Amino acid sequence: MFSDMVYKLWDKGLIQMGIWETVYMTLIASAVAYLIGLPLGIILNVTDDKGICPMRWLNRVLSVIVNFFRSVPFIILMVAMLPVAKLIVGTSIGNKAMIVMLVIAAAPYVARMVESSVSEVDAGVIEAAQAMGAGNFQIIWKVLLPEAKPSLIVGSVISMVTILGYSAMASTIGGTGLGQIAIVYGHQKFDDNVIWVCVFLTVIIVQIIQELGMYIARRTDKRVRN
């Protein structure tokens, strides 16, 4: 059913290692991207003209920065950010460098996802909190984030799948994982079986992320009876 190359890669543990490297790069990059993107997205929302703390100049500056990084194709951004990765982690190759570039590419995307999720919160809920004397931080912490939680979780699933796709492209300039296996042992050795095995395994990882994320989103959605 499979070529000899697939069995050799499995026996040597390279496919198993590729799965692990793909998963851990995705998880670490997603976590760091959210540490940056979550507060950035909230700031973009609250400083908007219709936000709870309008600050046009700050909103415009952040919007330009976010839109700039989002508009650059990832493959080009990776090459451009190689010096930045070397400055941060001391190397421009390997998974450490790839994680830095994944974070740089994903954080602006996450920020927009968060901004969109928070903007879905009913204005009436915010106005009620303001009428009760809640400050801006209290509104963010006790109203915006709890009310937007299901949407934020759905957004995090979409972001993780996007980062997973980025991780495969990162293999073209030194990253590892299933993408590297598909390129080195599949494409370069003209073995379609290896490529399709990597595709199949990637799809499984995506499905696990989606199913788990959607389950958590449904459990946290007050509008859905659990």
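Residues numbered from 1 in each chain as written. Predicted model: local features only at pLDDT ≥ 70, side-chain atom pairs only at ≥ 80, totals over all residues. Heavy atoms only, no water.

### Focus on the environment of Val-121
Formally: Every helix listed is a DSSP run of H or I at least four residues long, and every strand listed is a run of E at least two residues long, numbered separately from the N terminus. By definition in these notes, contact holds between two residues if any of their heavy atoms fall within 4.5 Å.
By secondary structure assignment, the location of Val-121 is in the loop between helix H6 (94-119) and helix H7 (123-131). Separated by 105 residues in the primary sequence, Val-121 and Gln-16 place their C-alpha atoms 42 Å from one another. Among residues more than four places away in sequence, those in contact with Val-121 are Ile-126, Leu-144, Glu-147 and Ala-148.

### Section: unusual backbone geometry
For Phe-190, which is not glycine, the phi dihedral falls at a positive 55°. Note on placement: Phe-190 falls in the loop between helix H9 (178-187) and helix H10 (192-220).

### Topic: the packing of aromatic side chains
Cut-off, in case you're wondering: The pairing test for Phe, Tyr and Trp rings, Trp by its six-membered ring, is centres within 6.5 Å, and the orientation test on the planes gives stacked under 30 degrees, edge-to-face over 60, and tilted for anything in between. Any residue under 20% of the maximum accessible area for its type is buried, any over 50% is exposed, and the rest in between are partly exposed; the area is computed with a 1.4 Å probe on protein chains only.
For the coordinates displayed, the defined rule picks out 4 aromatic pairs. Ring plane angle 35° and centroid distance 5.5 Å describe the contact between Trp-20 and Tyr-24, whose orientation is recorded as tilted. One end of the pair is Trp-20 and the other is Tyr-24, both in helix H2 (residues 14-46) and 4 residues apart, which spans about a single turn. A relative accessible area of 52% means that Trp-20 is categorised as exposed. Under the relative-accessibility criterion, Tyr-24 is labelled partly exposed at 22%. Consider the rings of Phe-68 and Phe-69, whose centres lie 5.3 Å apart with planes at 85°: the pair is edge-to-face.

### Brief notes about the nonpolar core
To keep things clear, this is the line we draw: As used in this record, nonpolar core signifies buried Ala, Val, Leu, Ile, Met, Phe, Trp, Tyr and Cys residues forming a set joined through side-chain atoms within 4.5 Å.
One finds Met-101, Leu-102, Val-114, Ile-126, Ile-139 and Leu-144 to be the most contacted residues of the largest nonpolar core, which totals 38 residues. Only H2, helix H4 (74-80), H6, H7 and helix H8 (136-170) provide two or more residues apiece to this core. Ranked by residues supplied to this core, first place goes to H6 with 13 residues. Discounting residues that sit within four places of it in the chain, Ile-139 has contacts with Ile-52, Ile-126, Ala-129, Gln-130, Ala-134 and Leu-144. Residues Leu-9, Leu-178, Val-194 and Val-206 belong to the second largest nonpolar core, which totals 16 residues.

### A word on H8
The following threshold applies: An expected span of 1.5 Å times one less than the residue number is assigned to each helix. Note on bend: the value at a residue is the angle between axes fitted to the seven residues ending there and to the seven starting there.
Helix length check: H8 (35 residues) gives 40 Å between terminal C-alpha atoms against 51 Å at 1.5 Å per residue, more than 12% under. At Lys-149, H8 is bent by approximately 65°, the largest bend along its length, and proline Pro-150 sits one to four residues beyond.

### Describing the packing of H8 against H10
Any two packed helices are characterised by the angle at which their axes cross and by the distance between the axes. Spelled out, the test is: Every angle, taken between N-to-C directions, lies between 0 and 180 degrees, and every axis is a line fitted to C-alpha atoms, over only the stretch in contact when it is a helix. Angles below 35 degrees are treated as roughly parallel, those above 145 as roughly antiparallel, those between 65 and 115 as roughly perpendicular, and all remaining angles as oblique. Classification convention: Asp, Glu, Lys, Arg as charged; Ala, Val, Leu, Ile, Met, Phe, Trp, Tyr, Cys, Pro as nonpolar; all other residues, Gly among them, as polar.
Orientation of H8 relative to H10, taken along the N-to-C sense of each, is 170°, at an axis distance of 8 Å. In terms of orientation, H8 and H10 fall into the roughly antiparallel class. Between H8 and H10, the residues in contact are Lys-149, Pro-150, Ile-153, Val-154, Val-157, Met-160, Val-161 and Leu-164 and Thr-202, Ile-205, Val-206, Ile-209, Gln-210, Gly-213, Met-214, Ile-216, Ala-217 and Thr-220, respectively. When grouped by side-chain class, the residues that make up the contact of H8 with H10 number 13 nonpolar, 4 polar and 1 charged.

### Observations concerning the pattern of salt bridges
What counts is decided by this rule: Salt-bridge detection follows one rule: a side-chain nitrogen of Lys or Arg within 4 Å of a carboxyl oxygen of Asp or Glu.
This structure, assessed with the given rule, holds 3 salt bridges. Between Arg-56 and Asp-49 there is a salt bridge, and its shortest N-O distance comes to 3.2 Å. A salt bridge links Arg-112 to Glu-115; the shortest N-O distance between them is 2.6 Å. Here Arg-112 and its partner Glu-115 are both found in helix H6, 3 residues apart, which amounts to about one turn of the helix. As far as the burial class goes, Arg-112 and Glu-115 line up, both buried.

### Description of a nonpolar patch on the surface
Put simply, the rule reads: Note that patches include only residues with greater than 30% relative accessible area and no salt bridge, and the join distances are 9 Å for like charges and 5 Å for nonpolar side chains (Val, Leu, Ile, Met, Phe, Trp, Tyr). Note on areas: Shrake-Rupley, 1.4 Å probe, and residue coverage restricted to the protein chains presented here.
A contiguous nonpolar patch, built from Ile-28, Val-32, Leu-35 and Ile-36 and spanning about 340 Å² of accessible area, is present on the exposed surface. Residue position: Leu-35 is located in helix H2.

### Let's talk about the environment of Ile-75
Topologically, Ile-75 is positioned in helix H4. Through-space distance from the C-alpha of Ile-75 to that of Met-169 is 7.0 Å; in sequence the pair is 94 residues apart. Once residues within four sequence positions are removed from consideration, Ile-75 is found in contact with Met-169 and Thr-172.

Distances and angles like these do not, on their own, reveal function.
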